Structures are given as C-alpha cells and as structure tokens.
Amino acid sequence: MILSNGVVIPDMGFGTYKMAPEDTRASVLCALQSGWRHVDTAAFYRNEAEVGQAVRESGIPREELFITTKLWNTDRGYDSALRAFDRSLEALGLDYIDLYLIHWPASPFFWDNWKQLNADSWRALERLYREKRVRAIGLSNYMPRHIKALLETAEIKPMVDQIEFHPGWMQRDCLEFCAAEGMAVEAWAPLIKGEALGHPVITGIAASHGCSPARVVLAWVLACGVIPLCKSVTPSRIADNLQAASLRLTKEEVDAISALHDVGGRCYNPDNCNFK
Ligand SMILES: NC(=O)c1ccc[n+]([C@@H]2O[C@H](COP(=O)([O-])OP(=O)(O)OC[C@H]3O[C@@H](n4cnc5c(N)ncnc54)[C@H](OP(=O)(O)O)[C@@H]3O)[C@@H](O)[C@H]2O)c1
C-alpha cells in the first residue's frame, strides 16, 4: 500500500505485543527470514531493543524494512513526546523510524485538556517528520471524533490509524472516515489472539481453500483494504501467516466474514481506556 505522503508500507505487519523480550529477538529474526518486512512495536511493549537487535542481525538492508513504534500515554505532550521518540530510537538502535504513532488518544472522560494534549503530541510528531527522523506519522485507537479534533490544529494530516479490527469488530465508521481523509488503516489483534480461528464460518472457508483459518482471517483483513498486524512466536505460524497475501477469497466469503457478530476480542471504546 502507498501512504498519502507516497511512502510504501508493506501490506502485512509482524506484531510484537506481549512478546516477552527474551522471545522477541528470535521471533522477529524468524519473521524477517520468513519474508516479513514490516514490524510493529511500541515503547509500551518494552521490546524495542530486541526488535532492533533482530533487524541488525537479519542483515537485511535497512531501506527494505518498515519499522513502526509508538508514543506511550505517559509521554503525551510536546517536549515529552520528543524525548520519548529519542528513547525509542536509541532502544531500537536505528537512525530513523518508518512510522511513529500516538498509541492512544487522551480521552475527554479522563482529561479536561484532552484536545490540547493530543494536539501537543501531534505537533511533536510533525516536527519529527519535518526533520526526517520518521518517514510517516499517524495515530492509534483514534476514532473519528478524536481525529476531527486533531485536524482542527494539525498542519500535517496523519497518514495512518491503527485500530482494533477483526471479525465481529470492523469499526466501519472509522474505516469510512479514514478512507475519506486518505488515511491508511492498520488492524490490531486481527486473529483476536487466536479466538477467531475456531469460528465455523472461518474454519469452513479454510477447509474449502485447504489452508489455515489464520490465513483466511488475514486475507479477509487485506480484502477489506486494511493492513493486518499479526503476532506469533511460533515459527511455523510466522511463515504460514504471511501466505495470506496470496490467498484470494471470493466476494461471498469476504461478505460472510464481514457479517459475523460477537466473535470475541476486546471491542474497546478508546474513550474508556486510560492505560498507564
Ligand atoms: N495499537 C494498539 O493499541 C495495539 C493493541 C494490540 C495489538 N497491537 C499490535 O497488533 C499486533 C497483533 O495483535 P495481537 O498480538 O494482540 O493479536 P493477534 O495477532 O490477533 O493474535 C496473536 C495470537 O494469535 C496466535 N496466532 C498467531 N498466528 C496463529 C496461527 N496461524 N494459528 C493459531 N494461532 C495463531 C499467537 O500465538 P503464538 O504467538 O503462541 O504463536 C498469539 O497468541 C500486536 O502484536 C501489536 O503489534 C496494537
């Protein structure tokens, strides 16, 4: 996919949430050796150093890789966001980051100055982008109401929104809003941590294609025009999941998965989240 600023982002990303630091180096290295070129981490995951180690050990030229990290909630604000970026870059041991995201919006339920806080963080990301320390900037868990508020003062439009997206939780209003604003959408927890994989509609489609249910779900995310981020520490799954890129589902299969309800997952309202 091509972002609104012309930067190419690989269509599938390797997730690293809840990946223990001791598993991260080997799993990211395995992913890179299996063909993954896009890795998603965050300061909050406390595994940026191991992601960076795997990137260097892979020997793959830096420009062939796409590395995302995120600004954590306790670092919101202009100066603190700039400092947090420096820490992430240093932990990763990289010269630049491909995509830097604000992990969660400050919510009006918890912060009287939520708009200002989000705007200040964004101003820091704009500076990092202008200084070419990051190739693209964006948001995570921002719903249209948060993005609209941000756009009141933003000088650079966010290029990406990373949201919870999986069978039963498509957040169509957010998808439509992002499409209208030219923002790419990334899906977190597309497999619902594995919970989606036993659903009869998904296992039925997998059986008819002779492939894993995980491939079906990831191919469905791609068919929705969304970039799936998928985590695994299991080498066979790491390799298998990437094959979703070549699985073509029929329109009926895509529609059948899109029609599912109550499949599981967190189904967060980001305004109720105040993770620290
Ligand atoms: N922006 C945010 O707020 C946010 C929130 C959550 C996640 N994320 C990002 O999105 C990424 C993906 O989300 P996620 O890690 O929560 O969930 P996920 O990728 O939907 O699910 C990961 C789980 O599914 C299992 N799995 C992976 N491939 C499988 C397969 N082929 N067959 C069976 N099980 C399989 C993994 O097990 P094993 O590891 O044991 O193989 C792991 O337990 C994260 O890693 C992170 O980078 C972002």
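Here, every reference points to the structure presented above.
Quick notes on the rules
Residues numbered from 1 in each chain as written. Predicted model: local features only at pLDDT ≥ 70, side-chain atom pairs only at ≥ 80, totals over all residues. Heavy atoms only, no water. Buried < 20%, exposed > 50% of the residue type's maximum accessible area, 1.4 Å probe, protein only. Helix = DSSP H or I, 4+ residues; strand = E, 2+ residues; numbered from the N terminus. Pairing = 2+ DSSP bridges. Right-handed = clockwise from strand over helix to strand, strands pointing away. Polar contact = N/O pair within 3.5 Å; in protein donor to acceptor, adjacent residues only side chain to side chain. Contact = heavy atoms within 4.5 Å. Expected span 1.5 Å × (residues − 1).

Moving on, we come to the pairing of strand β5 (residues 134–140). Within β5, 6 of the 7 residues are buried, which leaves the element mostly enclosed by the surrounding structure. Summarising the sheet, strand β4 (residues 97–102) and β5 pair through 5 bridges and their orientation is parallel. Looking at the pairing, Ile 97 lines up with Val 134 of β5. Once the chain exits β4 it traverses helix α4 (residues 114–130) before rejoining the sheet at β5, and the crossover so formed is right-handed. With 3 bridges joining them, β5 and strand β6 (residues 160–164) adopt parallel strand pairing. Across the sheet, residue Leu 139 finds its bridge partner in β6, namely Asp 161.

Relative to the assigned elements, Gln 162 resides in strand β6. A polar side-chain atom of Gln 162 sits 2.8 Å from a polar atom in the side chain of Glu 186. Contact partners of Gln 162, with chain neighbours within four places excluded, come to Asp 40, Lys 70, Leu 101, Leu 139, Ser 140, Asn 141, Glu 186, Trp 188 and Leu 229.

Bringing the environment of Ala 54 into the picture now. With respect to the element layout, Ala 54 can be found in helix α2 (residues 48–58). Ala 54 gets classed as buried once you look at its relative accessible area, which sits at 0%. As a C-alpha pair, Ala 54 and Val 28 span 26 residues in sequence and 5.9 Å in three-dimensional space. When residues no more than four places from it in sequence are discounted, the contact partners of Ala 54 are Arg 25, Val 28, Leu 29 and Leu 32.

Along its 17 residues, α4 runs 24 Å from first to last C-alpha, staying within 8% of the 24 Å computed at 1.5 Å per residue. Regarding α4, the residues found buried are Trp 114, Leu 117, Asn 118, Ala 119, Asp 120, Ser 121, Trp 122, Ala 124, Leu 125, Glu 126 and Leu 128. Check the buried side of α4 and you find it contacts β3 (66–71), α3 (78–92), β4, β5 and α5 (144–151). Just downstream of α4, Lys 132 is the residue with a positive phi angle, here 60°.

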